[in-house]
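What follows is the residue order along each chain.
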Amino acid sequence: MWCSIFRNSLVGQILYISTLNGDRFMQLVLNGTVTGLMDELPLAVLSHVWLQLDGAPRHHTSRWLNAEFPDKWIDLQGPVEFLP
């Protein structure tokens, strides 16, 4: 499942029926859902958007996260550390 909080509103819940490995996470969540939501936001808002992950292994997503959310993503080993 994936969801987002934006301006005190819940965006989602999006349920993925199959297992999410690194490739599927990139395709379905990051390049699909997250990119689609970002495309709809005004530029003034995008500079305030942060992405928080749940601590699951990121596989090969760090490069994408660093490009799309430079120093603005939160994870166990991200630029901003999230402790469970």
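Residues numbered from 1 in each chain as written. Predicted model: local features only at pLDDT ≥ 70, side-chain atom pairs only at ≥ 80, totals over all residues. Heavy atoms only, no water.

Colleague: Whenever I open this one, the overall build of the protein chain confuses me. Can you help?
Modeller: The helix and strand tally for the protein chain stands at three helices and five strands. Walking the protein chain from its N terminus toward its C terminus, one meets helices and strands in the order β-β-α-α-β-α-β-β. In the protein chain, which comprises 84 residues, the proportion classed as buried is 26%. In the protein chain, the share of contacts with a sequence separation of at least 24, taken over all contacts with a separation of at least 6, comes to 34%. Working note: accessible area of the protein chain is about 5,900 Å², and carbon and sulfur atoms make up 55% of it. (Helix = DSSP H or I, 4+ residues; strand = E, 2+ residues; numbered from the N terminus. Buried < 20%, exposed > 50% of the residue type's maximum accessible area, 1.4 Å probe, protein only. Contact = heavy atoms within 4.5 Å. Areas by Shrake-Rupley, 256 points an atom, 1.4 Å probe, with all protein chains shown as cover.)

Colleague: Whenever I open this one, helix α1 (residues 22–39) confuses me. Can you help?
Modeller: The first and last C-alpha atoms of α1 sit only 22 Å apart over 18 residues, clearly below the 26 Å expected at 1.5 Å per residue. Where α1 bends most, at Leu 30, the angle is about 25 degrees. Within the sequence span of α1, burial applies to Gly 22, Met 26, Val 29, Leu 30, Thr 33, Val 34 and Met 38. (Expected span 1.5 Å × (residues − 1). Bend = angle between axes of the 7 residues up to and from the residue.)

Colleague: In this structure, what is going on with unusual backbone geometry? I would like to understand it.
Modeller: Excluding glycine, residues mostly carry a negative phi; peptide bonds, for their part, are mostly trans. Positive phi, normally seen in glycine, also occurs at Asp 71, with a value near 60 degrees. Here Asp 71 lies in the loop between α3 (62–68) and β4 (73–75).

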